[in-house]
Amino acid sequence: MGKAGKQIARAAGYGSVYLGGQLAGGIITGVFATAKTIKEFGKGVTPGSEEFKAAYMEHFSSMSGIMVAIAAAITLIFLAVFFLIRREKMSEAVNFRKVSAKAAGLSAIVGIALNIVTMAFLRSLPESILAGYAESSSGLMNQKFGLAILSTVIAAPIIEEIIFRGLIYDRLKKGIPTVVAIIISSLLFGLAHGQPVWICYTTVMGITLAIIYNRTNSIAATIASHLAYNFTSVLLGSTILSLPIAAHYAIAAVGLAVAIVIFVKTKNVGQVEQKTDIKVSTIAL
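A.B. asks: In this structure, what is going on with the nonpolar core? I would like to understand it.
C.D. replies: Nonpolar side chains tend to gather and get buried jointly when the protein is soluble and globular. Ranked by internal contacts, the top residues of the largest apolar core, which has 44 residues, are Leu79, Phe83 and Leu167. The element best represented in this core is helix 9 (residues 196-216), accounting for 8 residues. Contacts of Phe83, omitting those with residues within four sequence positions, involve Tyr14, Glu88, Met90, Ala93, Val94 and Leu167.

Okay, here's the thing in structure tokens:
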């Protein structure tokens, strides 16, 4: 197997780890949802009935945030053990390196701007498509604020950046052309979100995050951007969507312009090279 084949195989392996974590999280959440449904129905429960299935799906959907957190924890623990066995420092293996405050801040601004543009995209969708999106997203959108912060703002960005940028994209670009690696890793990132509308905008988000990774050589910056994107959704999503459509598009245009200016105008500001301690390149976005 050549270099490209080895790197693709490694990327596929890390993708499998992510899928395994999601599956495990889903199974555990399903067990809790089943127990909750049985308790609700009592001794007269008929597991195969339509009423039971509807109640189960309602409970499972309401626990979406918990499932995200559980899946992220399982995946993170597996990776920690894996790299410990390989005698590799996990932070280096997943490319979590320090970046300057400027790089992290600019990355976060790009995340916020991209989220606002996403809101404009959602507003432009036909009602029928938007209704399906809202239904599939209801579990995450209706979480309590504390759980939303834990799962959507913290757990999801960290584990997804570790997997899709720090491991999958990083390995792919070592074996195949960078542009191809960006496209493949971003499509995988989009497909991992399942729902068609999510796939569309998370693929674009994946491309943006891959570019940020290229400029910083660290998932610390992409986590900052991803976290800011998700936090904007949790904090302002419904508020932004309720604005008049003209105002909404105007805000989105400003957000897009800000993101473009940051990408075009900012340059590398230098590196901190390693001597005895681990010091890493600090490249501003």
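Back to the write-up after that little detour.
A.B. asks: Please explain the pattern of salt bridges as it appears in this structure.
C.D. replies: Opposite charge on two side chains permits them to pair, given that their charged atoms come into close proximity. Taken as a whole and assessed by the stated rule, the structure comprises 4 salt bridges. Among the ionic pairs, Glu88 bridges to Arg86, the shortest N-O distance being 2.5 Å. Owing to a relative accessible area of 31%, Glu88 belongs among the partly exposed residues under this scheme. For Asp170, the salt bridge goes to Arg171, with nearest N and O atoms at 3.2 Å.

A.B. asks: How do you make sense of the packing of helix 3 (residues 64-85) against helix 7 (residues 145-175) when you look at a structure like this?
C.D. replies: Two numbers describe a pair of packed helices, the interaxial angle and the distance between the axes. With their axes 9 Å apart at the nearest point, helix 3 and helix 7 run at an angle of 40° to one another. It follows that helix 3 is oblique to helix 7 by the angle criterion. Helix 3 and helix 7 meet at a crossing whose hand is left-handed. On helix 7, the residues that touch Gly65, Ile66, Val68, Ala69, Ala72, Thr75, Leu76, Leu79 and Phe83 of helix 3 are Leu147, Ser151, Ala155, Ala156, Ile159, Ile162, Ile163 and Leu167. Partitioned by chemical class, the residues of the contact of helix 3 with helix 7 number 14 nonpolar, 3 polar and no charged.

A.B. asks: Teacher, can you tell me more about helix 8 (residues 178-191) here?
C.D. replies: Owing to its 3.6 residues per turn, the α-helix brings residues three or four apart onto one side. Compared with the 20 Å implied by 1.5 Å per residue over 14 residues, the 20 Å span of helix 8 between its first and last C-alpha is a close match. Burial in helix 8 covers these residues: Ala181, Ile182, Ser185, Ser186, Phe189 and Gly190. Projection of helix 8 onto a plane perpendicular to its axis shows the buried side chains occupying an angular sector of 160°, all on one side.

A.B. asks: Help me understand the packing of helix 1 (residues 3-41) against helix 2 (residues 50-62) in this model?
C.D. replies: For the pair helix 1 and helix 2, interaxial distance at closest approach is 9 Å and the crossing angle is 130°. With respect to their mutual orientation, helix 1 and helix 2 come out oblique. Here helix 1 runs over helix 2; the crossing is right-handed. Here Gly26, Thr29, Gly30, Ala33, Thr34, Lys36, Thr37, Ile38, Glu40 and Phe41 of helix 1 come into contact with helix 2, specifically with Glu51, Phe52, Ala55, Tyr56, His59 and Phe60. Partitioned by chemical class, the residues of the contact of helix 1 with helix 2 number 7 nonpolar, 6 polar and 3 charged.

So, how was this worked out
Residues numbered from 1 in each chain as written. Predicted model: local features only at pLDDT ≥ 70, side-chain atom pairs only at ≥ 80, totals over all residues. Heavy atoms only, no water. Core = buried A, V, L, I, M, F, W, Y, C linked by side-chain atoms within 4.5 Å. Buried < 20%, exposed > 50% of the residue type's maximum accessible area, 1.4 Å probe, protein only. Helix = DSSP H or I, 4+ residues; strand = E, 2+ residues; numbered from the N terminus. Contact = heavy atoms within 4.5 Å. Salt bridge = Lys/Arg side-chain N within 4 Å of Asp/Glu carboxyl O. Axes fitted to C-alpha atoms, helices over the stretch in contact; angles between N-to-C directions. Parallel < 35°, antiparallel > 145°, perpendicular 65-115°, else oblique. Left-handed = near helix turned anticlockwise from the far one by under 90°. Nonpolar A, V, L, I, M, F, W, Y, C, P; charged D, E, K, R; others polar. Expected span 1.5 Å × (residues − 1). Arc of directions from axis to C-beta.

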